[in-house]
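# An overview of the molecular structure
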Amino acid sequence: MIDALFTNLRLATMVDGYGELVDAAIAVADGRIAWLGARADAPTGARTVHDCGGAWLTPGLIDCHTHIVHAGNRSDEFEARLQGTTYEDIARRGGGIMSTVRATRAASEGELLRQSLPRVRRLLAEGVTTLEIKSGYGLEAATEAKMLRVARRIGEELPVRVKTTFLGAHALPPEFAGRADDYIDEICERMLPQLAREGLADAVDAFCERIGFTNAQTERVFAAARSLGLPVKLHAEQLSDQGGAELVARFGGLSADHLEHVTPQGIAAMAASGTAAVLLPGAYYFLRESVAPPVAALREAGVPMALATDCNPGTSPLTSILMTMNMACTLWRMTPQEALAGCTVNAARALGLQAELGTLEVGKRADFALWDIERPADLAYAIGFNPCRAVVNAGILRAPAALS
């Protein structure tokens, strides 16, 4: 039995480019795509029929890299950077990530949820149906668990699928000053096993960088994650080349993220392992970086390129997936088709959800976004304009106002 039929559509299936189907329809049963094709061939007898008036329908958008659960903001640091202070200088003076750690540790679970929900709602209003949320602003067991519980609650309170990532190896907490290896012991021997037992983490991440953790320390975190059956991903080569792309590829990682300083060897390793590149134009823009990720080389190597907001208080306070797409095109010369693939099919791959999400195909989850646009490229073209008419989550139609 067909639960819902969406008809009078133009589809961007994202199978083989845009995968356009005009004058089309799509049928949903039990929250999944049961059929799609020409409107004239649509099945009959659906419980509900939605005439979409010629709108475009895409897979629901996916924001596959966010730090959206946090307390406070860092506008003071934004001001300092504009006066000449570097991001690394701020971090070494106790600002940066540690500023947010202090605010997040002090916030109750309820307060953390209250501050985070408006950021998520803004993404949902732009067609996002799946969201990755990282921890990493606790740097001790109780607050890391608190952040991940809040992330799970967001998925319960709002119509969005949430995947959680444990990012304990984000920065060195003050309690472990000068003892980075001891903190890695804490992560591997106590924090990670506890979170795995409680089912709070879907994946494990780390910040492999001069102001983060070394390649060897990151490898220890990855080995502990693997022993617990958790997939890995990595903040890699954002500020310098630390060999992170090769490391995460060696562990069969889901993604390497940022990659402004990735080497040809790192790209080759990612291509061989199937590790996705998650590119984050918000951070590049906000930090006024001058070294862009090597989009052309990633493209030539066949590395899947995903895009995400990197929503965080210090380096990318961005809650617009559509602006993310525009920036990837204007700053890095990605094509609009690559940008949309970066927020659908390749973003799904970066979360290990490619069998469930990212394209419009029979059997996949019925997560869609409906758009009042003339062609799919419009999504990456207009600046500050949101043409999202409605969102469908597991077959249930919601107008943007209902997403709040």
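If you're wondering where the values come from, they're calculated on a predicted model, not measured in any experiment.

Criteria and cut-off values
Residues numbered from 1 in each chain as written. Predicted model: local features only at pLDDT ≥ 70, side-chain atom pairs only at ≥ 80, totals over all residues. Heavy atoms only, no water. Helix = DSSP H or I, 4+ residues; strand = E, 2+ residues; numbered from the N terminus. Rg over C-alpha atoms; globule rule 2.2 N^0.38 Å. Buried < 20%, exposed > 50% of the residue type's maximum accessible area, 1.4 Å probe, protein only. Contact = heavy atoms within 4.5 Å. Areas by Shrake-Rupley, 256 points an atom, 1.4 Å probe, with all protein chains shown as cover. Lys, Arg positive; Asp, Glu negative; His and termini not counted. Charge placed at Lys NZ, Arg CZ, Asp CG, Glu CD. UniProt positions renumbered as here; feature names shortened; annotations may be inferred. Polar contact = N/O pair within 3.5 Å; in protein donor to acceptor, adjacent residues only side chain to side chain. Expected span 1.5 Å × (residues − 1). Pairing = 2+ DSSP bridges. Arc of directions from axis to C-beta. pLDDT = per-residue confidence, 0-100. Axes fitted to C-alpha atoms, helices over the stretch in contact; angles between N-to-C directions. Parallel < 35°, antiparallel > 145°, perpendicular 65-115°, else oblique. Left-handed = near helix turned anticlockwise from the far one by under 90°.

### So, the overall build of the protein
Within the protein, the regular secondary structure consists of 15 helices and 16 strands. Here the protein has a C-alpha radius of gyration of 21 Å; the compact-globule value for 404 residues is 22 Å, and the two agree. Along the three orthogonal principal directions, the C-alpha set of the protein runs to about 70 × 45 × 40 Å. With 404 residues in all, the protein has 59% of them scored as buried. Looking at the protein alone, contacts between residues at least 24 apart form 71% of all its contacts between residues at least 6 apart. Roughly 14900 Å² of accessible area belongs to the protein as shown, and the carbon and sulfur atoms make up 50% of that amount. The distance from the centre of the 38 positive side-chain charges to the centre of the 47 negative ones in the protein is 3 Å.

### Overview of the UniProt feature "binding site: Fe(3+)" (unreviewed entry) in the protein
Summarizing the sequence annotation, UniProt attributes the feature "binding site: Fe(3+)" (unreviewed entry) to His65, His67, His235 and Asp310 in the numbering used throughout. Separation in sequence by 246 residues is not matched in space for these annotated residues, since their most distant C-alpha atoms are only 12.2 Å apart. By secondary structure assignment, the location of His235 is in strand β10 (residues 233-236). Judged by its relative accessible area of 5%, His235 is buried. Contacts of His235, omitting those with residues within four sequence positions, involve His65, His67, Lys134, Leu167, Asp205, Ala206, Phe207, Cys208, Asp257 and His258. A distance of 3.3 Å separates a polar atom in the side chain of His235 from a polar atom in the side chain of His65. Note that Asp310 resides in the loop between β13 (305-307) and α12 (321-332). Since its relative accessible area comes to 2%, Asp310 is described here as buried. Not counting residues within four places of it along the chain, the set of residues in contact with Asp310 comprises Asp63, His65, Thr66, His67, His258, Leu280, Ala283, Thr315 and Ser316.

### A closer look at helix α5 (residues 141-157)
Across its 17 residues, α5 extends 24 Å between first and last C-alpha, which sits within 8% of the 24 Å expected from 1.5 Å per residue. When α5 is considered as a whole, its buried residues turn out to be Thr143, Glu144, Ala145, Lys146, Met147, Leu148, Val150, Ala151 and Ile154.

### Quick notes on the UniProt feature "binding site: 4-imidazolone-5-propanoate" (unreviewed entry) in the protein
Per the UniProt entry, the sites bearing "binding site: 4-imidazolone-5-propanoate" (unreviewed entry) are Arg74, Tyr137, His170, Gln238 and Thr315 in this numbering. Relative to the elements of secondary structure, His170 occurs in the loop between β8 (161-169) and α6 (180-197). Sequence-distant contacts of His170, that is, excluding residues within four places in its chain, are made with His67, Ile97, Gly136, Tyr137, Leu139, Phe207 and Phe213. Along the polypeptide, Thr315 turns up in the loop between β13 and α12. Of the residues examined, Thr315 reaches a relative accessible area of 7% and is grouped as buried.

### A word on the environment of Glu356
Among the secondary structure elements, Glu356 is positioned in the loop between α14 (345-350) and β14 (368-371). For the pair Glu356 and Arg32, spaced 324 residues apart in the sequence, the C-alpha separation amounts to 9.3 Å. When near neighbours in sequence (up to four residues on either side) are disregarded, Glu356 contacts Arg32, Arg161, Lys364 and Arg365.

### Describing the pairing of β14
Neither face of β14 is left uncovered, since the one carrying Phe368 and Leu370 and the one carrying Ala369 and Trp371 both have all their residues buried. Two elements, strand β5 (residues 56-59) and β14, share 4 bridges in a ladder whose sense is antiparallel. Directly across from Leu57, in β14, lies its bridge partner Leu370. Sheet topology note: the β14/strand β15 (residues 388-393) ladder contains 4 bridges and is antiparallel. Paired with Leu370 across the bridge in β15 is Ala390.

### Details of helix α3 (residues 97-106)
Residues of α3 that are buried include every one of Ile97, Met98, Thr100, Val101 and Thr104, and no others. Each buried residue of α3 lies within a common arc of 155° when the element is viewed along its axis, so the set occupies one face. Those residues of α3 that are buried are in contact with α2 (87-92), α4 (109-124) and α5.

### Here we look at the confidence of the model for the protein
Confidence in the prediction of the protein, expressed as mean pLDDT, is 95, and 99% of residues score 70 or more. Mean pLDDT per element in the protein: α2 is the minimum at 76, and β13 is the maximum at 99.

### Some thoughts on the pairing of β15
The buried fraction of β15 amounts to 5 of the 6 residues, a majority that puts the element mostly inside the structure. Linking β15 back to strand β16 (residues 396-398) in an antiparallel pair, the connection comprises 2 residues, with Ala394 at a positive phi of about 50°.

### As for unusual backbone geometry
Most peptide bonds take the trans form, and the phi angle of most residues other than glycine is negative. Its identity is not glycine, yet Asn8 carries a phi of approximately 60°, on the positive side. One can find Asn8 in strand β1 (residues 4-12). Unusually for a residue other than glycine, Glu237 sits at a positive phi of about 55°. Examined against the element boundaries, Glu237 turns out to sit in the loop between β10 and α8 (244-250). Its relative accessible area of 0% is what places Glu237 among the buried residues.

### Considering the packing of α5 against α6
At their nearest, the axes of α5 and α6 sit 10 Å apart, and the two run at 30° to each other. Classed by the angle they form, the pair α5 and α6 counts as roughly parallel. Crossing hand, α5 versus α6: right-handed. Residues Ala141, Glu144, Ala145 and Leu148 of α5 pack against Met191, Gln194 and Leu195 of α6.

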